[in-house]
Each structure stands twice: as C-alpha cells, then as structure tokens.
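These are the residues of each chain, in order.
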Amino acid sequence: MRVIEKIIKKPWPYIAGGIILALLNITLFAFSGKPWRITTGFLYWGMGILEVMGVDHLDWHYFTVNGNQLSEGKTFFNNEYTVINLSVMMGASIAAFLASEFKWKRIKNRKQLLFGLVGGVLMGYGSRLSFGCNIGAYFSAIPSFSLHGWVYAVFMFVGAWLGCKLLFKFLL
Amino acid sequence: MASSKIEELKRKRQLKNKRKKNQVIYGGVLIFIGIIIYILLLKNNFLYSVIWIIGLLIGFTLQKSRFCFTASFRDPIMVGSSSVLKAVIIAFIISTIGFAFIQYNAIGGNTAIGYENIPGKIAPLGIHTAIGAILFGIGMVIAGGCASGTLMRIGEGFALQMVVLSGFIMGTVLGGYHFEFWDRFFISRSKAIYIPEYLGLPLTVTLQIIALCILYYVVDIYQTKNNMMSI
Amino acid sequence: MLEVRIDCMHEACPIPLLKALKKLNKMNIGDVLIMETDHSCSITNVIDWAKKQGHEVDYAEISDGEWEIYIEKRQ
C-alpha cells in the first residue's frame, strides 16, 4: 500500500506525465476518431451563453467553413468537448483532493486579475486563427503529421518570449 | 539528500503546523460522482462515456505531474531549465508512433485521399497560424497557464484561472466573430500541408522521430548550458 | 547563516520561481531561502530548477495546498 500512497501523495516526474498523456491521447484518438482538443469547446460554451442571452449567431461565417458547423444532434453544451473539458477539471480535482492539497486560491490583486483576463482573451483569439490551442494545434497536430503544428510551435516560442518580456516589465 | 540546516528548519516548521485536514474523503465523493456520471453516459452515449473516463485520467495525470505546456515554453526561455520540454518531446515521440498506426489503419497508403478523410488534426497553414501562435504564446505566459493548464488549475481551486477561462471564452467568441475577415484574406488562400502526402507515411514517421530525438538532445545540451534571460 | 523568507502566496506560476531567483542572486553561500507558496506547480518547478543549479533543496507541506520550500545556496 505504500506504493499507492506515494503515487497519490507525491508529485510525479514530468516524464511520467508525458508518457501517460501521450498514451491517453492515442487511446482517445483510437476510440473517438479525433485527437484531444479543448478550445473549440470553449467557443461552443461562449456561443451557448450568447444563445441563452438571445443573440443569433448560427449564420456566422465561422460555422459555414472548414467543417466547423455543429455535427448532427449536437448542441453548444451537449458535445464531446464539454464532456472532456468537464472531466479534465474533475480529474484534476480528484487528484488534488486525494493528495489533500485542494485549496481555494484567491486572486492576489487587480494586476493579476487584469493580466489573467487579457491573457485569456489573447489565447482565445489566437486559438481561432490557428485552428486550436496548445493541444489542438500542437500536442495533437504534430503527431498528426500536419506541418501547421510545427509552425505553430516555432511561433509559440516567439510569443512566449514576448510574454516573458512583458512579465518582467509589469508583473515582477 | 537535503542538508542538516534544511532538516532543522523543516523540523522546526513541522512543530507549529496548522492542523492539516484530510481531504481524501472529498476525493472519494468526487470519484463516486464521476462513476455515476460514467454510468449515466454509458446508458445514453457510449462514446461520451469513454471520453469521460479518458478525460478524468488526463486531468488526474496533468495535476499529478504538474504537466504544464506553458512551462515547457517559458522555462527554457526564462530560467534555462527544460525538464518539461523534454517530457513534451517524449510525449510527441510516443504519440507520433500511435497516431501513425491509427492513420495507417484508416487510410492505408493512400495519403492523397483528402484532408477531410484523414483522421487527426490537420489544418491550413499560413500567416494566420503564426499570428495565432504568437498571440497564444503571449497570452499563456502572462495568464500563467494554457488551455489544459487552465482547466487543471480550475479543478485545483484557483480563482485566477476562472477569470482566465472567462477571458478565453470571450476571446474565442470574438475570434469566431472576426473569422470571416481572416478567412477571406488568409485562411482560404492557404492550404493544409499533410507531410505524408509528399513523403509517404513510413518516411515521415521515421524523419519526425529522428527530428524529435535531435531536438531532445539539443534541448538537453541547452539545459546544461543554462542560458538565462537577464532580470 | 542567514535565513531569508519570501512570501509567494497567491502568486501565479512563473512569479515564485523568478522571485526566488532574484533573491538567491543577492544571497551568500550557505544562506537558506525559505519560500512560502500555494502554487502546486512550484514544488516541482522551483525544486527542479534549484537542483539543476546545484543548490540544496527540500520542501514541506505546511497546510492544505500550502508549502514551504527551502533552498540552501551552494554556489
């Protein structure tokens, strides 16, 4: 039982995480025919919220090209992205609780809040342009042998470098 | 092992510890809820139930290994440590092999079958990819988490990441709204490049694995050299 | 021996590491940096970095989801 206790309580090495995530992504791909993607689910949630608020948007250009339209029988909240996003959150909660390290962590100050919000918006906007986030356009794209994954990785480095500059200037 | 000074400090600290709560029970409750949702999904939609279980495992792994794609980009730049990046490269090597089998299974040797029919994530490549990646890179560093990291940290109880998620949702909706502009000027003029179409699947797999191995060694050497952004 | 304490409670990911780095640069060999953090990534992130730099390092959980990281400067 000591081994199990250690697995649950101590952080795992990065390499172990990488190997397991790769295997899980392959399993997901094999079962559902689609590799792991996140951000499209966020878009659907946003659209769902707009829908509730009464904004009409299904005629948006976005949903007419590149196979972006909702597939048969899916809604903005009832789709596979919602399932996986919620389950990832819940899996992380389970891990945190089992290690007894769950804690509500409040926001430190306004600056942190502002940077979080701006960072989120930038990520969201960027993910539409490049057809995915670091999962859809990077973690699942490079193994799919699509060249855009590699290009994405290179430019994400450029972006991260710029982000570091900003961070040093304003947050530290 | 840690030095005596640290041991001493640790011992002193342990004495005045706040009483630690045991949260395992909540974890058990959540696992129970997860199983109930699994059973409900199993009755309605088999595929969703599989995705649910894999998602739970992904979340668990992300949290336990502190796997952070943001750190894999940021830490080599900022402090010159690249353990996370190395783990990401290993993950790529494994998933390259796995994805190759799945794609081969689906399309055989016929790589010119059309991108819609090839399983995987293949998308048009162009300036929009670069712009999107740069925006995303800046965003993830200043927000302190990427898409998977944000989900994982919400699960851990970070209020900040809920703000990031709402920003994320606003950003994607805005991006979807502006998509017509980008599509007209950039995306519709560019095409997706599926490497095996030019090189064939076996050669692509081999080359990609070699490239990833080389990258691994380069990153390893870089780490020992330890460059640092000046603060 | 000097003990330097930094408070990194409620800080998001790269900040704890950068604060530690900044402080360590000003410290003498043999001094110990004590860092309080509630960011779960720090206990792998900071420790991984400090080990690589050749410092002595360890951590202890002081409350639910709160840790103290000890770094003894070695070079």
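Remember, it's a predicted structure, so these values are computed and weren't measured experimentally. (Residues numbered from 1 in each chain as written. Chains lettered and ligands numbered in written order. Predicted model: local features only at pLDDT ≥ 70, side-chain atom pairs only at ≥ 80, totals over all residues. Heavy atoms only, no water.)

Colleague: Provide a residue-level description of the overall build of chain C, including the pertinent values.
Modeller: Broken down by element type, chain C carries 2 helices and 4 strands. Counted from the first residue to the last, chain C has its helices and strands arranged as β-α-β-α-β-β. Rg of the C-alpha trace for chain C: 11 Å, near the compact-globule value of 11 Å for 75 residues, within the 12% margin. Once the C-alpha set of chain C is aligned to its principal axes, its extents read approximately 30 × 20 × 15 Å. Across the 75 residues of chain C, 76% fall into the buried class. Sequence separation of 24 or more characterises 60% of the internal contacts of chain C that already satisfy a separation of 6 or more. Surface summary for chain C: the accessible area is close to 2,400 Å², and the carbon and sulfur share equals 45%. (Helix = DSSP H or I, 4+ residues; strand = E, 2+ residues; numbered from the N terminus. Rg over C-alpha atoms; globule rule 2.2 N^0.38 Å. Buried < 20%, exposed > 50% of the residue type's maximum accessible area, 1.4 Å probe, protein only. Contact = heavy atoms within 4.5 Å. Areas by Shrake-Rupley, 256 points an atom, 1.4 Å probe, with all protein chains shown as cover.)

Colleague: Hey, could you go over the overall build of chain B for me, with residue numbers and the actual values?
Modeller: Each helix and strand counted, chain B has 11 helices and 0 strands in total. Sequence-ordered secondary structure for chain B, helices as α and strands as β, is α-α-α-α-α-α-α-α-α-α-α. Here chain B holds 231 residues, and 55% of them are scored as buried. Within chain B, residue pairs in contact and separated by at least 24 positions form 61% of the contacts whose partners lie at least 6 positions apart.

Colleague: Break down the interface of chain B and chain C for me, citing the residues and quoting the values.
Modeller: At the junction of the two partners, chain B supplies 33 residues and chain C supplies 38 residues. Carbon and sulfur atoms make up 57% of the surface buried where chain B meets chain C, a total of about 3,100 Å² over both sides. When the area that chain B buries against chain C is broken down by residue, the three leading residues are K5, L9 and R66 of chain B, summing to 20%. Our count for the chain B to chain C interface comes out at 0 salt bridges. For the side of chain B that touches chain C, the secondary-structure elements that each account for two or more residues are α1 (4-15), α4 (69-78) and α7 (147-156) of chain B. Ranked by the residues each element gives to the side of chain B that touches chain C, the list is headed by α1 of chain B, at 8 residues. Split by residue class, the side of chain B that touches chain C holds 10 nonpolar, 10 polar and 13 charged. (Buried area = accessible area lost by both parts, 1.4 Å probe. Salt bridge = Lys/Arg side-chain N within 4 Å of Asp/Glu carboxyl O. Nonpolar A, V, L, I, M, F, W, Y, C, P; charged D, E, K, R; others polar.)

Colleague: How would you sum up the sheet that holds strand β4 (residues 66-72) of chain C? Please name residues and give values.
Modeller: Residues and elements named next belong to chain C. An order of β1-β2-β4-β3 is seen for the 4 strands of this open sheet, with the pairing classed as mixed. The open sheet is flanked by β1 (3-8) and β3 (56-63), the only strands paired with a single partner. Ignoring which end each strand starts from, the neighbouring axes of this sheet average 20° apart. Bridging between β3 and β4 involves 7 bridges; their strand directions are antiparallel. Residue pairing for β4: A60 is matched across the bridge by E68. Sitting on the sheet, helix α1 (residues 14-26) touches β1, β2 (32-37) and β4, and the angle it makes with β1 is about 155°. Lying over the sheet, helix α2 (residues 42-52) contacts β2, β3 and β4, oriented at roughly 5° with respect to β4. (Pairing = 2+ DSSP bridges. Axes fitted to C-alpha atoms, helices over the stretch in contact; angles between N-to-C directions.)

Colleague: Describe empty space enclosed by the protein, with residues and values.
Modeller: In the structure shown here, the tally under the stated rule is 1 cavity of 30 Å³ or more. By volume, the largest cavity is sized at about 70 Å³. Partitioning the lining of the largest cavity into residue classes produces 4 nonpolar, 4 polar and 4 charged. (1 Å grid on protein atoms, 1.4 Å probe; cavity = no way out; pocket = protein on both sides within 12 Å on 5 of 7 lines; lining within 4 Å. Points joined across faces, edges and corners; volume = space filled by probe spheres on them.)

Colleague: How would you sum up unusual backbone geometry? Please name residues and give values.
Modeller: Residue and element names in this part refer to chain A. Non-glycine residue F131 carries a positive phi angle of around 60°. Topologically, F131 is positioned in the loop between α5 (110-129) and α6 (135-139). In this structure, F145 is a non-glycine residue whose phi angle is positive, near 65°. Position of F145 among the secondary structure elements: in the loop between α6 and α7 (147-171).

Colleague: Would you mind going over the environment of G149 of chain B in detail, with residue names and values included?
Modeller: Residues and elements named next belong to chain B. In this fold, G149 is placed in helix α7. Residue classification places G149 among the buried residues on the basis of a relative accessible area of 1%. For G149 and C68, which are 81 residues apart along the polypeptide, the C-alpha to C-alpha distance reads 5.9 Å.

Colleague: Account for the interface of chain A and chain B, with residues named and values stated.
Modeller: Counting from both sides, the interface comprises 126 residues of chain A and, opposite them, 124 residues of chain B. Among the residues chain A hides against chain B, the three largest losses belong to Y14, M123 and F145 of chain A. Together they make up 8% of the total. Here chain A is connected to chain B by 2 salt bridges. Our count for the contact surface shared by chain A and chain B stands at 21 residue pairs in polar contact (both at pLDDT 80 or more). Of all elements in the fold, only α1 (2-9), α2 (14-32), α3 (39-53), α4 (80-98), α5, α6 and α7 of chain A reach the threshold of two or more residues within the side of chain A that touches chain B. (Polar contact = N/O pair within 3.5 Å; in protein donor to acceptor, adjacent residues only side chain to side chain.)

Colleague: Give me the lowdown on the nonpolar core, citing residues and values where you can.
Modeller: One finds W36 and Y138 of chain A, I58 and F136 of chain B together with I69 of chain C to be the most contacted residues of the largest nonpolar core, which totals 120 residues. Tallying contributions element by element places α4 of chain A first for this core, with 12 residues. When residues of this core are assigned to domains, at least three map to each of domain 1 (1-66) and domain 2 (67-230) of chain B. Among all residues touching Y138 of chain A, those that are not within four sequence positions of it are C133, P143, G149, Y152, A153 and M156 of chain A together with F69, F73, L85, V88 and F92 of chain B. (Core = buried A, V, L, I, M, F, W, Y, C linked by side-chain atoms within 4.5 Å. Domains from an automatic or database assignment.)

Colleague: Could you give an account of α5 of chain A, with specific residues and numbers?
Modeller: The first and last C-alpha atoms of α5 of chain A sit 29 Å apart over 20 residues, in line with the 28 Å expected at 1.5 Å per residue. Just past α5 of chain A, the residue F131 of chain A takes up positive phi, approximately 60°. (Expected span 1.5 Å × (residues − 1).)

Colleague: Give a detailed account of the side chain of T70 of chain B, specifying residues and quantitative values.
Modeller: When you line up the elements, T70 of chain B lands in helix α4. With sequence-adjacent residues up to four places away left out, T70 of chain B is seen in contact with M140, V141, G145 and C146 of chain B.

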